[in-house]
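# Fold and contact review
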Amino acid sequence: MARKNRYHGFIGLAVLGAAEALMLAGVKPFTNWFYSLAWWSYIFIVDQAVYRLKGNSLWVNRRREFWLLIPTSVCFWMTFEGLNAYLGNWFYVGVTRDDWVRWLGYFIAYATVLPGIFETTELLETLGVFRRARIRPVSKTRAWYWPFFLTGCLFLYLPIFWPKYFFPLIWGGFVFLLEPLVHARGGRSLMRDWEQGSPRNFLLLLTSGLICGLLWEFWNFWAESKWVYEVPFVGWLKVFEMPVLGFLGFPPFAVELYVMTAAVSVFRNGRGWHEKDAGKPGGASPLMVLLGILLFLSIYIMAGRSIEFFTIRSYS
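Summarised in this report is the structure supplied together with it. The shown structure was predicted, so the numbers you read here are calculated from the model rather than taken from an experiment.

Conventions we followed
- Residues numbered from 1 in each chain as written.
- Predicted model: local features only at pLDDT ≥ 70, side-chain atom pairs only at ≥ 80, totals over all residues.
- Heavy atoms only, no water.
- Axes fitted to C-alpha atoms, helices over the stretch in contact; angles between N-to-C directions.
- Helix = DSSP H or I, 4+ residues; strand = E, 2+ residues; numbered from the N terminus.
- Parallel < 35°, antiparallel > 145°, perpendicular 65-115°, else oblique.
- Left-handed = near helix turned anticlockwise from the far one by under 90°.
- Contact = heavy atoms within 4.5 Å.
- Buried < 20%, exposed > 50% of the residue type's maximum accessible area, 1.4 Å probe, protein only.
- 1 Å grid on protein atoms, 1.4 Å probe; cavity = no way out; pocket = protein on both sides within 12 Å on 5 of 7 lines; lining within 4 Å.
- Points joined across faces, edges and corners; volume = space filled by probe spheres on them.
- Nonpolar A, V, L, I, M, F, W, Y, C, P; charged D, E, K, R; others polar.
- Expected span 1.5 Å × (residues − 1).
- Arc of directions from axis to C-beta.
- Phe/Tyr/Trp six-rings, centres within 6.5 Å; stacked < 30°, edge-to-face > 60°.
- Lys NZ or Arg CZ within 6 Å of the ring centre and 35° of its normal.

The description of two packed helices rests on the angle between their axes and on the distance between the axes. Running from N to C, helix α4 (residues 63-87) and helix α12 (residues 250-266) point in directions that differ by 125°, and their axes come no closer than 11 Å. By the angle between their axes, α4 is oblique relative to α12. Classified by chirality, the crossing of α12 by α4 is right-handed. Counting all contacts with α4, which are made through Leu 69, Phe 76, Trp 77 and Phe 80, the residues of α12 involved are Phe 253, Glu 256, Leu 257, Met 260, Thr 261 and Val 264.

Here is the structure:
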């Protein structure tokens with residue numbers, strides 16, 4: 001398999017270059033689909049870099065986990081789209097009027113979120129970033145479970161009812177809500193890393209979130225179909241379409257996605273995208289798979305309709 005896929009990064013680089021050129025030349029549909037083309041190209045470029053550096057990558061060696069990240073990514077981001085119906089922090093402009101193309105576009109674009117974050121995280125890890133980072137080990141206790149859980153509920157409750165003042169809390173709520181579950185069930189817990197005196201995963205995720213955030217905004221800025229922001233208090237100074245202070249949300253967002261994905265892995269007997277977890281025996285039961293499919297369809301349809309009613313500002 002590795003031999004057959006050793007050029008996927010070069011293909012991604014070629015697609016990215018062509019998409020950039022055709023988008024700047026105003027050629028349709030590249031002006032509308034540029035964002036998705038750029039991100040999928042980036043994912044394969046980074047994956048090949050990881051494979052070249054350590055001989056193991058998500059696309060080449062853990063392809064089943066790569067494919068599973070796609071609907072998970074869509075489901076997670078659609079959850080935030082549903083919450084944005086209350087927040088009103090971002091809106092879409094220049095989207096196609098064709099219903100089936102628009103809904104397909106949601107899936108293709110949102111499917112890049114988790115692969116983009118985790119491929120970037122793995123590349124940083126492979127390069128040895130934060131390898132020597134150490135902290136004083138946190139005490140091993142479960143006393144923080146309920147405070148974390150209640151904080152998570154509060155972080156998700158306040159932005160819905162008072163979005164003008166509490167909207168930033170949405171980019172951390174699921175960390176506090178789900179980290180106790182992940183820790184209690186022996187999953188990839190960031191708190192367990194801290195108990196061992198290692199903040200490395202946490203720091204890698206923060207850095208990955210900032211890198212991906214910069215790329216999200218950079219590639220979004222040039223696309224014809226894109227999002228724009230209406231953020232209270234801080235929207236006056238922007239880099240690309242994002243208010244400058246808004247970039248502070250990307251690092252905790254990456255941590256949040258990691259914890260959410262780790263929570264899903266708990267119900268798969270610990271299997272996940274990470275190299276050490278992809279080969280674990282077992283997996284989700286048929287009942288959990290069925291419930292997962294039903295949950296995905298429910299969130300996709302309901303959040304998709306909220307986009308249609310609340311988030312789209314203009315059509316191309």
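When you line up the elements, Tyr 35 lands in helix α2 (residues 30-54). With relative accessibility at 11%, the residue Tyr 35 sits in the buried group. Between the alpha carbons of Tyr 35 and Thr 261 there is a distance of 24 Å; along the sequence they are 226 residues apart. Ignoring sequence-local partners within four residues, the contact set of Tyr 35 consists of Ala 109, Trp 216, Trp 219, Asn 220, Ala 223 and Trp 227.

A word on empty space enclosed by the protein. The tally for this structure, following the rule as stated, stands at 1 cavity of 30 Å³ or more. Put simply, the largest cavity is a space of about 60 Å³. For the largest cavity, the full set of lining residues is Thr 121, Glu 125, Arg 188, Asn 201, Leu 204, Leu 205, Tyr 258, Trp 273 and His 274. Counting residues per element, the ones that place at least two in the lining of the largest cavity are α6 (113-126) and α11 (200-222). For the lining of the largest cavity, the leading source of residues is α11, giving 3 residues. Looking at side-chain class alone, the lining of the largest cavity contains 4 nonpolar, 3 polar and 2 charged residues.

For the pair helix α1 (residues 8-24) and α2, interaxial distance at closest approach is 7 Å and the crossing angle is 155°. What the angle tells us is that α1 and α2 run roughly antiparallel. Of the two elements, α1 crosses α2, and the hand of that crossing is left-handed. Residues His 8, Gly 9, Phe 10, Gly 12, Leu 13, Val 15, Leu 16, Ala 19, Glu 20, Leu 22 and Met 23 of α1 touch α2, and the partners they reach there are Phe 30, Thr 31, Phe 34, Leu 37, Ala 38, Ser 41, Phe 44, Ile 45, Asp 47, Gln 48 and Arg 52. A class-by-class count of the residues in the contact of α1 with α2 yields 13 nonpolar, 6 polar and 3 charged.

So, on to helix α5 (residues 99-110). Under the 1.5 Å per step criterion, the end-to-end length of α5 is 17 Å for 12 residues, consistent within 8% with the ideal 16 Å. Of the residues making up α5, those classed as buried are Val 101, Arg 102, Gly 105, Tyr 106, Ala 109 and Tyr 110. Looking down the long axis of α5, one finds its buried residues gathered within 150° of arc, a one-sided arrangement. Residues of α5 that are buried in the fold lie against α2, α4, β1 (90-93), α6 and α13 (286-311).

Using the criterion set out here, one finds 47 aromatic pairs in the structure. Centre to centre, the rings of Trp 103 and Tyr 300 are 5.7 Å apart; their planes meet at 70°, and the pair counts as edge-to-face. Residue Trp 103 is located in helix α5, and its partner Tyr 300 is located in helix α13; the two are separated by 197 residues in the primary sequence. Looking at Tyr 300, the relative accessible area reads 12%, which means it is buried. Here Lys 226 stacks its cationic end above the ring of Phe 221, 5.4 Å away from the centre of that ring. Taking NZ or CZ as reference, Arg 313 lies 3.8 Å from the ring centre of Phe 91, over its face.

Any functional reading would require information that these geometric values do not contain.
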